[in-house]
Amino acid sequence: MAGSTDDELDIHYYEIPPTYDEFLKNHLIPNKPCIIGPSFTRSWKANKEWIVTNDNSKENLQHQSKYKPNYTHLRQQYGTAQGQVARCNKRHFTDQERTEMPFADFCAKWQEDDGQPSLDYLKDLHLQKAFPDDRFYTVPDLFEDDWLNEYWLQQKGDDDYRFAYFGGHTTFTPLHADVYRSYSWSSNICGIKKWTLFPPGQESLYQDKFNNAVYDIRDVDSTQFTKFDQARKIEVYQKDGETVFVPSNWFHQVENIGATISINHNWINASNLMFTYASLRKDWNDCKHAIEDLQDTMSPMEFLQECQKLLMVHSGWDWRIFLNMMAHVVANRAKQPDVPVNQPDLAWQMDRIDEVLKQWKEDEHRLIEYFESNDLMTVYTQLRSDMNSIRQ
Ligand SMILES: O=C(O)CCC(=O)C(=O)O
Ligand SMILES: [Fe+2]
């Protein structure tokens, strides 16, 4: 397999959290995973109030996890939150079939199963957004340089990438790489998660020529994915209280052991901005191919606009959002260079943005024309001028 070394399959465990500089140098920049022990998030309210000690007589059912959910408390506090429950035995294209329901309804069934095999997995719940005054966790300082949530929460206000996951024993998340090829961090509150992580560069072993990926790594059609067995991977069990850092572009599958609760964020910053750009670019190319028949019926700029509309539907964002995210964050840094406290050197970050802008212009000759015809020139010029003032 291309370019893989044994080193790549090591996952560092930090009993004591690394310093930000260590984390940047050893994980964010080289795009390598790690696990951080429970001291990292011990002070969270979720780690105190959401869980109770596991009853030893039922140890076999809860599979050695120290804690289990405090179902009654969770239902009382958050029963009204609406969420999507995945049925883990029902495949829906690349994901699982999902049903919308209040947390209270999910919780009743979850409590009934209480650590026994179950099919229901409440995923991607925007719990912090639903209960903004409830500080059940705080973003750990290593993860605070997060452009995705900074932009969405301050500027767009209609969405965020901060989630809570509640699952029964044997529930799982199929093989995938994260949205916009962002990083994720996932902190386990109770239960155990088995992660299988695949270093990037071996996608051809688990994606076919139409880009369909393996769905469940425990059940792979070897006639469709003939070389899947050759894929190099890391298997790791994340216990109660531990936090996993998932790098950009690493495919992963997650299987829950016992009743599990986790909090996670997707996040982007200067270190993985190029991965995000590349993923947007790839989606963009797919959109372009999908409607290439229309190309002759309109002007190049009209065609570009049509592709942008499709990109928005297909991927949930477009070039406007990508440019605005960079401009928003850079404007913030120009005003308050020391916020967030933990971030790479500002000039280094500006270099990363420069690289992306350069690549973007190289890939798309009509980019500036597109900005001009979509009222984005002021945003672009402001971004450039804020970058310059940060560098001075
Ligand atoms: O916990 C899960 O089931 C999935 C989490 C995940 O995919 C992530 O944090 O990126
Ligand atoms: Fe993920």
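Since the model is a prediction, treat every value here as computed from it, not as a measurement. (Residues numbered from 1 in each chain as written. Chains lettered and ligands numbered in written order. Predicted model: local features only at pLDDT ≥ 70, side-chain atom pairs only at ≥ 80, totals over all residues.)

Notes on the overall build of the protein
Selection criterion: Strands here are runs of E lasting at least two residues and helices are runs of H or I lasting at least four, both read from the DSSP assignment and numbered beginning at the N terminus. The globule rule is 2.2 Å times the number of residues to the power 0.38, and the radius of gyration it is compared with is taken over C-alpha atoms. For every residue, the other C-beta atoms within 10 Å of its own C-beta are counted; 20 or more classify it as buried, 12 or fewer as exposed, and values in between as partly exposed. C-beta atoms are placed from the backbone. Contact between residues is assigned whenever the C-beta positions, reconstructed from backbone atoms, fall within 7 Å.
Looking only at helices and strands, the protein has 13 helices and 13 strands in total. A compact globule built from 392 residues should have a C-alpha radius of gyration of about 21 Å, and the protein, at 22 Å, falls within 12% of that. Over its C-alpha atoms, taken along the principal directions, the protein stretches across nearly 70 × 50 × 45 Å. Residues counted as buried form 37% of the 392 residues belonging to the protein. Sequence-distant contacts in the protein: of pairs separated by 6 or more residues, those separated by 24 or more amount to 79%.

Focus: the pairing of strand β8 (residues 162-167)
Stated formally: For two strands to count as paired, DSSP must find a minimum of two bridges between them.
With six of its six residues buried, β8 lies for the most part within the structure. Side chains of β8 alternate between two faces, with Arg-162, Ala-164 and Phe-166 and Phe-163, Tyr-165 and Gly-167 buried alike. Direction of pairing for strand β7 (residues 120-125) relative to β8: antiparallel, over a ladder of three bridges. The partner of Tyr-121 across the bridge, within β8, is Gly-167. The pairing of β8 with strand β13 (residues 251-267) spans six bridges and is classified as antiparallel. What sits directly across from Gly-167, in β13, is Thr-260.

Focus on the site of ligand 1
Put simply, the rule is: For each residue, a C-beta atom is placed from the backbone, and the residue is labelled near a molecule or strand when this atom is within 6 Å of it.
Tyr-165, Thr-173, Asp-178, Ser-184, Ser-186, Lys-193, Val-246, His-252, Val-254, Ser-262 and Asn-264 make up every residue found near ligand 1. Of all the secondary structure elements, the ones that give two or more residues to the shell around ligand 1 are β10 (183-198) and β13. Element by element, the count of residues in the shell around ligand 1 is highest for β13, at four residues.

Points about helix α7 (residues 147-156)
Among the residues of α7, Trp-147, Leu-148, Asn-149, Glu-150, Tyr-151 and Trp-152 are the ones counted as buried. The secondary structure elements touched by the buried residues of α7 are β8, β13 and α10 (319-335). Trailing α7 by a residue or two, Gly-157 shows a phi angle of about 70 degrees, which is positive.

Side note on the nonpolar core
Rules: Take the buried Ala, Val, Leu, Ile, Met, Phe, Trp, Tyr and Cys residues, join any whose C-beta atoms are within 7 Å, and the set you get is a nonpolar core.
Of all hydrophobic cores here, the largest spans 55 residues; its most connected members are Leu-148 and Met-326. In terms of residue count, α10 provides more of this core than any other element does, eight residues in total. Counting 27 residues, the second-largest nonpolar core is a separate cluster that includes Trp-110, Leu-122, Tyr-137 and Phe-163.

Notes on the UniProt feature "domain: JmjC" (unreviewed entry) in the protein
Here is the rule: UniProt positions are given in the numbering used here, feature names are shortened, and annotations may be inferred rather than shown by experiment.
Feature annotation in UniProt places "domain: JmjC" (unreviewed entry) on residues 128-284, given in this structure's numbering. A distance of 31 Å separates the end C-alpha atoms of residues 128-284, which is 16% helix and 34% strand.

Brief notes about unusual backbone geometry
Note the cis peptide between Val-339 and Pro-340, where omega equals -5 degrees. Summarising the element assignment, Pro-340 is placed in the loop between α10 and α11 (346-363). The phi torsion at Asp-114 lies on the positive side, around 30 degrees, for a residue other than glycine. Of the residues examined, Asp-114 has 18 C-beta atoms within 10 Å and is grouped as partly exposed. For Asn-249, which is not a glycine, the phi torsion comes out positive at approximately 75 degrees. Position of Asn-249 relative to the elements: it lies in the loop between β12 (243-246) and β13.

Brief notes about helix α5 (residues 103-113)
Applicable threshold: Directions pointing from the helix axis toward each C-beta atom define the arc.
For α5, the complete set of buried residues consists of Phe-103, Phe-106, Cys-107 and Trp-110. Angularly, the buried residues of α5 cover 100 degrees about the axis, an arc narrow enough to put them on a single face. Buried residues belonging to α5 abut α4 (71-78), β5 (82-92), β6 (95-102), β7, β8 and β13. At the C-terminal side of α5, Asp-114 shows a positive phi close to 30 degrees.

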